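# Survey of secondary and tertiary structure
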Amino acid sequence: EFPIALADIHEGSSERADFEDGFKTAIAANIAGGGVFNDESIIIDDIVAARRRQRRRMQTSGAVQVEWHISAPIVVMTEVANL
């Protein structure tokens, strides 16, 4: 969860592009101490407004959650499947 309003990084904006680039760089640098994946390996699936439960209702929190995955080479997937 990141403390930024979804409206501040709306899709197609330069702010969104900067946020996504920064996210990918930070994730790549922090997985296993960095150097394992590059920015292009980090795929952002969606960025959604974070929701918090307040007094039995869900409300937008003024933050975002990033749904993402890593694109691994086929050789890595094959190796893992054979473990």
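Residues numbered from 1 in each chain as written. Predicted model: local features only at pLDDT ≥ 70, side-chain atom pairs only at ≥ 80, totals over all residues. Heavy atoms only, no water.

### A look at the confidence of the model for the protein
Here is the rule we go by: Along the chain, pLDDT gives the predictor's confidence residue by residue, from 0 to 100. Numbered from the N terminus, helices here are DSSP runs of H or I no shorter than four residues, and strands are runs of E no shorter than two.
Within the protein, residue pLDDT values average 87, and 89% of them lie at 70 or more. Per-element confidence in the protein ranges from a low mean pLDDT of 80 for strand β2 (residues 57-70) to a high of 96 for helix α1 (residues 14-30).

### Re the pattern of salt bridges
For clarity, the cut-off: Basic side-chain nitrogens of Lys or Arg form a salt bridge, by our definition, when they fall within 4 Å of a carboxyl oxygen of Asp or Glu.
Tallying each qualifying case throughout the model produces 1 salt bridge. Note that Glu 20 is salt-bridged to Arg 16, the shortest N-O span being 3.0 Å. Taken together, the residues Glu 20 and Arg 16, both in helix α1 and 4 residues apart, mark about one turn of the helix.

### Topic: a nonpolar patch on the surface
The condition is simple: Patch building starts from residues that exceed 30% relative accessible area and form no salt bridge, then joins like charges within 9 Å and nonpolar side chains (Val, Leu, Ile, Met, Phe, Trp, Tyr) within 5 Å. Accessible surface is estimated by sampling points in the Shrake-Rupley manner with a 1.4 Å probe; for residues, cover comes only from the protein chains shown. Three labels apply to residues, based on accessible area from a 1.4 Å probe with only protein chains included: buried if under 20% of the type maximum, exposed if over 50%, partly exposed otherwise in between.
A contiguous nonpolar surface patch, about 650 Å² in accessible area, is contributed by Ile 74, Val 75, Val 76, Met 77, Val 80 and Leu 83. Structurally, Val 75 can be placed in helix α2 (residues 74-81). Residue Val 75 is classed as exposed on the basis of its relative accessible area of 54%.

### Overview of the side chain of Arg 16
The following threshold applies: Polar contacts, as used here, are pairs of N or O atoms within 3.5 Å; protein pairs need one atom able to donate a hydrogen and one able to accept it. Residues neighboring in sequence count only if both atoms are side-chain atoms. Contacts are assigned to residue pairs that have any heavy atoms within 4.5 Å of one another.
Since its relative accessible area comes to 9%, Arg 16 is described here as buried. Among the polar contacts made by the side chain of Arg 16, one reaches the main-chain carbonyl oxygen of Ile 9 at a distance of 3.0 Å. Discounting chain neighbours no more than four positions away, the residues touching Arg 16 are Leu 6, Ile 9, His 10, Glu 11 and Ile 47.

### A closer look at the packing of aromatic side chains
Put simply, the rule reads: Each Phe, Tyr or Trp ring (for Trp, its six-membered ring) is paired with any other whose centre lies within 6.5 Å, and the angle between the two planes then decides the class: stacked below 30 degrees, edge-to-face above 60, tilted in between.
Across all of its chains, the model carries 3 aromatic pairs by this definition. Measuring from ring centre to ring centre gives 5.6 Å for Phe 2 and Phe 19, while their planes differ by 85 degrees; the resulting arrangement is edge-to-face. You can see Phe 2 sitting in the segment before α1 and its partner Phe 19 sitting in helix α1, a full 17 residues away along the chain. Looking at Phe 2, the relative accessible area reads 31%, which means it is partly exposed. When the ring of Phe 2 is compared with that of Phe 23, the centres are 5.7 Å apart and the planes differ by 80 degrees; the resulting orientation is edge-to-face. With Phe 2 in the segment before α1 and Phe 23 in helix α1, this pair connects stretches of sequence that are 21 residues apart. A residue is classified by how much of its surface remains accessible, and Phe 23, at 6% relative accessible area, is buried. Joined through ring pairs, the aromatic side chains of Phe 2, Phe 19, Phe 23 and Trp 68 make up one cluster.

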